[in-house]
Amino acid sequence: AGESVVVALAGADADLDALRAGSVLCDPGYPIPTAVCFYAHVLTLDVAVPITVGYQAVMYAQSVQEPVVVSRLFCTLDKSSAEVLRKRPRAIPKHTAAVVQIRCNRPVCLEPFSECKALARFTLREAGRSVAAGTVVKIIS
């Protein structure tokens with residue numbers, strides 16, 4: 001599961017009522033980037049309907065739940081070698097690795113997998129079922 005900590009903030013200028021589960025505490029000199037749009041490497045699970053452009057799901061990243069939309073499909077990949085199998089696919093069927101663009105409704109604290117593995121992992125869920133697991137490749141905005 002996760003880790004729990006108790007933190008006391010003294011002299012903070014922030015609105016303490018805005019702090020809740022899912023908030024990220026960091027050094028003000030080195031803020032964690034937030035993302036609204038990012039490229040991701042995903043692996044689809046046992047989905048009933050293939051993932052297409054416009055697919056809506058809920059992203060679970062750390063303790064945050066955020067509605068997202070798959071806005072672009074770049075390519076499908078070989079699961080073992082990560083070699084590009086097909087560029088610009090129309091859909092991503094079950095048990096397929098792919099690179100996609102995801103757009104969130106609000107900014108979410110994420111980092112590319114190359115910089116911080118823990119802040120790069122997420123799961124996409126729909127109707128109570130996990131449909132894909134992925135990692136952030138690049139933050140766009």
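Owing to the predicted nature of the structure, the values given are computational and were not obtained by experimental measurement. (Residues numbered from 1 in each chain as written. Predicted model: local features only at pLDDT ≥ 70, side-chain atom pairs only at ≥ 80, totals over all residues. Heavy atoms only, no water.)

Enquirer: What's the story with the layout of surface pockets in this structure? I'm lost.
Expert: Which parts of space are left empty comes out when a probe the size of a water molecule is rolled across the atoms. Taken as a whole, the largest pocket encloses approximately 470 Å³ of empty space. Lining the largest pocket we find 15 residues, and of these Val5, Arg20, Ser23, Val24 and Leu25 sit closest to its centre. (1 Å grid on protein atoms, 1.4 Å probe; cavity = no way out; pocket = protein on both sides within 12 Å on 5 of 7 lines; lining within 4 Å. Points joined across faces, edges and corners; volume = space filled by probe spheres on them.)

Enquirer: I tried to follow the pairing of strand E7 (residues 129-139) on my own but got confused; where do I start?
Expert: Looking down a regular strand, the side chains alternate between one sheet face and the other. Here strand E1 (residues 34-44) runs beside E7; their pairing, made up of seven bridges, is antiparallel. Along E7, the bridge assignment pairs leucine 43 with alanine 133. As paired elements, strand E6 (residues 121-126) and E7 share six bridges and run antiparallel to each other. Directly across from arginine 121, in E7, lies its bridge partner threonine 135. (Pairing = 2+ DSSP bridges. Helix = DSSP H or I, 4+ residues; strand = E, 2+ residues; numbered from the N terminus.)

Enquirer: In this structure, what is going on with the pattern of salt bridges? I would like to understand it.
Expert: Here the idea is simple: oppositely charged side chains can pair when their charged atoms come close. The final tally for this structure, using the stated rule, is two salt bridges. Across the salt bridge formed by lysine 94 and aspartate 46, the nearest N and O atoms sit 3.7 Å from each other. Of this pair, lysine 94 sits in the loop between strand E4 (84-87) and strand E5 (97-109) while aspartate 46 is found in the loop between E1 and strand E2 (56-61), placing the two residues 48 residues apart along the sequence. Given a relative accessible area of 45%, lysine 94 falls into the partly exposed group. Residues arginine 106 and glutamate 66 are paired through a salt bridge, measuring 2.8 Å at the closest nitrogen-oxygen approach. Of the two residues, arginine 106 sits in strand E5 while glutamate 66 sits in strand E3 (residues 64-77), which places them 40 residues apart along the sequence. Arginine 106 gets classed as partly exposed once you look at its relative accessible area, which sits at 44%. (Salt bridge = Lys/Arg side-chain N within 4 Å of Asp/Glu carboxyl O. Buried < 20%, exposed > 50% of the residue type's maximum accessible area, 1.4 Å probe, protein only.)

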